[in-house]
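Coordinates in review
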Amino acid sequence: MYRLLILLCAVTILFFSGVGCAMSPKNPSELITISGTIRVVGQEPFSYLVLSVGDDLSKAVKKQDYLIVGPLEKRLKGDYQWKRVKLEGMICLSPTPEFTKCFKPSRILSDQDQ
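Residues numbered from 1 in each chain as written. Predicted model: local features only at pLDDT ≥ 70, side-chain atom pairs only at ≥ 80, totals over all residues. Heavy atoms only, no water.

Checked against the element boundaries, I91 lands in strand β4 (residues 83–92). Expressed as a C-alpha distance, the spacing of I91 and I68, which sit 23 residues apart in the sequence, is 9.8 Å. (Helix = DSSP H or I, 4+ residues; strand = E, 2+ residues; numbered from the N terminus.)

Okay, here's the thing in structure tokens:
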């Protein structure tokens, strides 16, 4: 019985310590503004739309990329690839383990061709 209790405690601790691996927003309903370049990364069928916030896109790093999700994803992919944009939206939990940052834009504030 004692071993079962210790095992149960260990499993519970491991479970709750693993929950923090994904980036969780402090206030998920808070609107923020992020500027960056819209890019498609990966190869079909595993391609993703991202907002790269780094300055040097030739050395793009996933840590600088926000996975774009939500209703504006299709419009951004079609009309804004390789354009610098300023987006307003909310930080979200990434649905895929390839990205630690996720952004759900609610509107496009501005765009500038590079």
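What follows concerns the state of the cysteines. Using the criterion set out here, one finds one disulfide in the structure. Two residues, C92 and C102, share a disulfide whose sulfurs are 2.4 Å apart. Residues C92 and C102 are joined by a disulfide whose S-S torsion is about -65 degrees; by sign, that bridge is left-handed. Of the two residues, C92 sits in strand β4 while C102 sits in strand β5 (residues 102–113), which places them 10 residues apart along the sequence. (Disulfide = S-S within 2.5 Å.)

Before going further, it helps to spend a moment on unusual backbone geometry. Along the chain, E44 connects to P45 via a cis peptide bond; the corresponding omega equals 0 degrees. With respect to the secondary-structure elements, P45 resides in the loop between β1 (32–43) and β2 (46–52). Residues other than glycine seldom take positive phi values, yet W82 does so here, at roughly 60 degrees. Exposure remark for W82: the relative accessible area of 47% places this residue in the partly exposed category. (Buried < 20%, exposed > 50% of the residue type's maximum accessible area, 1.4 Å probe, protein only.)

Here the focus is the pattern of salt bridges. A complete count under the given rule lists two salt bridges for this structure. Among the salt bridges present, the one from R39 reaches D65, with a minimum N-O distance of 3.1 Å. Within this pair, whereas R39 is found in strand β1, its partner D65 is found in strand β3 (residues 65–68), the two being separated by 26 residues in sequence. Given a relative accessible area of 9%, R39 falls into the buried group. Taking the shortest distance from any N to any O, the salt bridge between R107 and E88 comes out at 2.7 Å. Pair noted here: R107 is in strand β5 and E88 is in strand β4, with a separation of 19 residues, a long-range link. For R107, a relative accessible area of 44% puts it in the partly exposed group. (Salt bridge = Lys/Arg side-chain N within 4 Å of Asp/Glu carboxyl O.)

Below, the discussion takes up the confidence of the model for the chain. Predicted coordinates in areas of low pLDDT are best not read in detail. The share of residues in the chain with pLDDT of 70 or more is 68%, and the mean pLDDT across the chain is 80. β4 holds the highest mean pLDDT among the elements of the chain, 95, whereas helix α1 (residues 2–18) holds the lowest, 61. Taken as a whole, residues 17–24 scores under 50 in pLDDT and shows seven contacts with residues more than four places along the chain or in a different chain. (pLDDT = per-residue confidence, 0-100. Contact = heavy atoms within 4.5 Å.)

Bringing the nonpolar core into the picture now. Judged by nonpolar contacts, the single largest core of 14 residues is most densely connected at I38, L51, I68, L76, L87 and F103. If you list the elements that add at least two residues to this core, you get β1, β2, β3, β4 and β5. With sequence-adjacent residues up to four places away left out, F103 is seen in contact with I32, I34, Y66, L67, I68, V69, L87, E88, G89, M90, I91 and C92. By size, the runner-up hydrophobic cluster in this structure holds seven residues, among which are V50, L67, C92 and F99. (Core = buried A, V, L, I, M, F, W, Y, C linked by side-chain atoms within 4.5 Å.)

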